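Descriptive structure summary
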Amino acid sequence: MDHRITRRALLQGTSAAAGLFGLASLGAMAQGTPVASPVPAGEPLSLWTNSAVRTALIDFVTTTTTEGSPDYLDPVDRIAVFDNDGTLWCEQPLYVQMVFATEQIKALFVQHPEWAAQEPWASVLKGDFDSLLAQGDFSVLTAMNTAPVGTSPDRFTAAAAEWLATARHPTLDRLYTDLVYTPMVQLLDYLRANGYQTWIVSGGSVWFIRALSASSYDIPLNQVLGSMMETEYSVVDGQPHVSLTSEVGFICNGPGKPVGISHGIGRIPVLAFGNSDGDYQMLEYTTAGDGPSMGLLLHHDDAEREFAYDRDSRVGRLSEGLDNAAANGWYLVSMKDDFAEVFAPE
């Protein structure tokens, strides 16, 4: 949470924040990351380089929020949607929720020895995530949402938040919650400051994302759309209770993202930001109309500060988006060239 305060201080142009920005820039230069046109502290999107993408974002927000502009949007229509994994925080080498789920499955295995021969749990127990991912979204979500029988959604979210408080990335050796992309957090703040609603639309479990959406992104729980397990209602010892089942209810990935947006928001967004082919239909849905709209895909091309991957990655695969971004009028955002920093300084 401290880095969020630092980011806001930077936006306000305080001397302390300006110093931090200078340190971040020097660190990036030392790693050979393009920072040829740094943006002064206090300017909009100062954690982005002074690139065409930053200019386009500011122009889009300005024209859609300036009364009298032909592209002006009423506040009710200012809807921006963001994928989570790989768009707002790190997803390599494995989805964070899958790391969490692996620990849950191993802990529950003593009660379920049959899982050793049952998928998707058998692959998780063997650490064979390539086989698990090859089984498809239903199996992946079933594994990621494994919980003790009778667990409520609120309890699942609380358990995830407790785990996230101490869980660290295996190679970057930082808390997973420190691995949010600060330029993206700044963009969320900038959009909200200009009257936009910011929503998460993710293939991950809505119950898991709610463990970090408010603290990491300032996105409230009711503006998170994600995949869901079926739930059921019962009265236990005289108390009403909603609990998760073991059945996948909705997959908010690929074509499921526009469906989720239609159900959960009820309006077509005007800005969509993703990073993989699982976001393709969300961007397609957002940018198909005649009014102002903007589609963006984050390309992970920075092996020095994060990871470089696209077409051949087992998570966050980006192939169709790479091929068709230009034809669709979408912006391909280079982490290497467009981000002045990736993560907040330690």
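Here goes a summary of the coordinates provided.

1. A short note on the nonpolar core
- Of all hydrophobic cores here, the largest spans 71 residues; its most connected members are W48, F82, L187, F208 and Y217.
- Every residue in contact with L187, bar those within four places of it in the chain, is listed here: L45, W48, L57, F82 and F273.
- Within the second largest apolar cluster, 17 residues are counted, among which are C252, Y280, L318 and L322.

2. Topic: the side chain of E306
- Inspection of the secondary structure puts E306 in the loop between strand 6 (294–301) and strand 7 (308–309).
- In this structure E306 is buried but unpaired, with R305 as the nearest side chain of opposite charge at 9.0 Å.
- Contact partners of E306, with chain neighbours within four places excluded, come to C90, Y181, H300, M335, V342 and F343.

3. Regarding the packing of helix 12 (residues 256–264) against helix 13 (residues 280–287)
- Viewed as axis vectors pointing N to C, helix 12 and helix 13 meet at an angle of 50°, and their least axial separation amounts to 7 Å. Taken together, the axes of helix 12 and helix 13 are oblique relative to one another. Counting all contacts with helix 12, which are made through K257, P258, I261 and S262, the residues of helix 13 involved are Q281, M282 and Y285.
- Looking at the contact of helix 12 with helix 13 residue by residue, the class counts come to 4 nonpolar, 2 polar and 1 charged.

4. Focus: the environment of M98
- Positionally, M98 belongs in helix 4 (residues 96–108).
- Residues M98 and A143 lie 45 residues apart in sequence; the distance between their C-alpha atoms is 7.7 Å.
- Look past the residues within four positions of M98 in its chain and what remains in contact with it is F129, L132, V140, A143 and M144.

5. So, the packing of aromatic side chains
- Under the definition given, this model contains 10 aromatic pairs.
- An angle of 85° between the planes, with centres 5.8 Å apart, marks the rings of F100 and F156 as edge-to-face. A residue pair is termed long-range when its members are at least 10 positions apart, and F100 in helix 4 and F156 in helix 8 (residues 153–164) qualify at 56 residues.
- Under the relative-accessibility criterion, F156 is labelled buried at 3%.

6. Some thoughts on helix 13
- If you check which residues of helix 13 are buried, you get Y280, M282, L283, T286 and T287. Considered in projection along helix 13, the buried side chains sweep an arc of 165° and stay on one side of the axis.

7. Focus: empty space enclosed by the protein
- Following the criterion strictly, the structure yields 1 cavity of 30 Å³ or more and no others.
- When its volume is computed, the largest cavity comes out at roughly 40 Å³.
- Along its surface, the largest cavity is lined by N84, D85, W89, Q97, G204, F208 and I209.
- For the lining of the largest cavity, the class distribution of residues is 3 nonpolar, 3 polar and 1 charged.

8. Details of the side chain of T151
- Tracing the backbone shows T151 in the loop between helix 7 (137–144) and helix 8.
- On the basis of relative accessibility, which here comes to 10%, the residue T151 falls in the buried class.
- In this structure the side chain of T151 is engaged in a polar contact, spanning 2.6 Å, whose partner is the backbone oxygen of P148.
- The contact partners of T151, leaving out residues within four places of it in the chain, are F156, V242, S243 and L244.

9. Overview of the packing of helix 3 (residues 52–65) against helix 9 (residues 182–193)
- It is the contact of helix 3 with helix 9, at a shortest axis distance of 11 Å, that shows an interaxial angle of 15°. Relative to helix 9, the element helix 3 is oriented roughly parallel. The two elements helix 3 and helix 9 cross, and the hand of that crossing is right-handed. Within the contact between the two elements, helix 3 uses L57, I58, V61 and T62 and helix 9 uses L187, Y190 and L191.

10. What to know about the pairing of strand 3 (residues 224–236)
- Both strand 2 (residues 197–205) and strand 3 contribute to a ladder of 3 bridges, which runs parallel. Bridge pairing in strand 3 links S205 to S227.
- Summarising the sheet, strand 3 and strand 4 (residues 239–250) pair through 8 bridges and their orientation is antiparallel. Its bridge partner lying in strand 4, M228 is registered against F250.
- Where strand 3 hands over to strand 4, the hairpin turn is made up of 2 residues, of which D237 adopts a positive phi near 55°.

About the cut-offs
- Residues numbered from 1 in each chain as written.
- Predicted model: local features only at pLDDT ≥ 70, side-chain atom pairs only at ≥ 80, totals over all residues.
- Heavy atoms only, no water.
- Core = buried A, V, L, I, M, F, W, Y, C linked by side-chain atoms within 4.5 Å.
- Buried < 20%, exposed > 50% of the residue type's maximum accessible area, 1.4 Å probe, protein only.
- Contact = heavy atoms within 4.5 Å.
- Helix = DSSP H or I, 4+ residues; strand = E, 2+ residues; numbered from the N terminus.
- Lys, Arg positive; Asp, Glu negative; His and termini not counted.
- Salt bridge = Lys/Arg side-chain N within 4 Å of Asp/Glu carboxyl O.
- Axes fitted to C-alpha atoms, helices over the stretch in contact; angles between N-to-C directions.
- Parallel < 35°, antiparallel > 145°, perpendicular 65-115°, else oblique.
- Nonpolar A, V, L, I, M, F, W, Y, C, P; charged D, E, K, R; others polar.
- Phe/Tyr/Trp six-rings, centres within 6.5 Å; stacked < 30°, edge-to-face > 60°.
- Arc of directions from axis to C-beta.
- 1 Å grid on protein atoms, 1.4 Å probe; cavity = no way out; pocket = protein on both sides within 12 Å on 5 of 7 lines; lining within 4 Å.
- Points joined across faces, edges and corners; volume = space filled by probe spheres on them.
- Polar contact = N/O pair within 3.5 Å; in protein donor to acceptor, adjacent residues only side chain to side chain.
- Left-handed = near helix turned anticlockwise from the far one by under 90°.
- Pairing = 2+ DSSP bridges.

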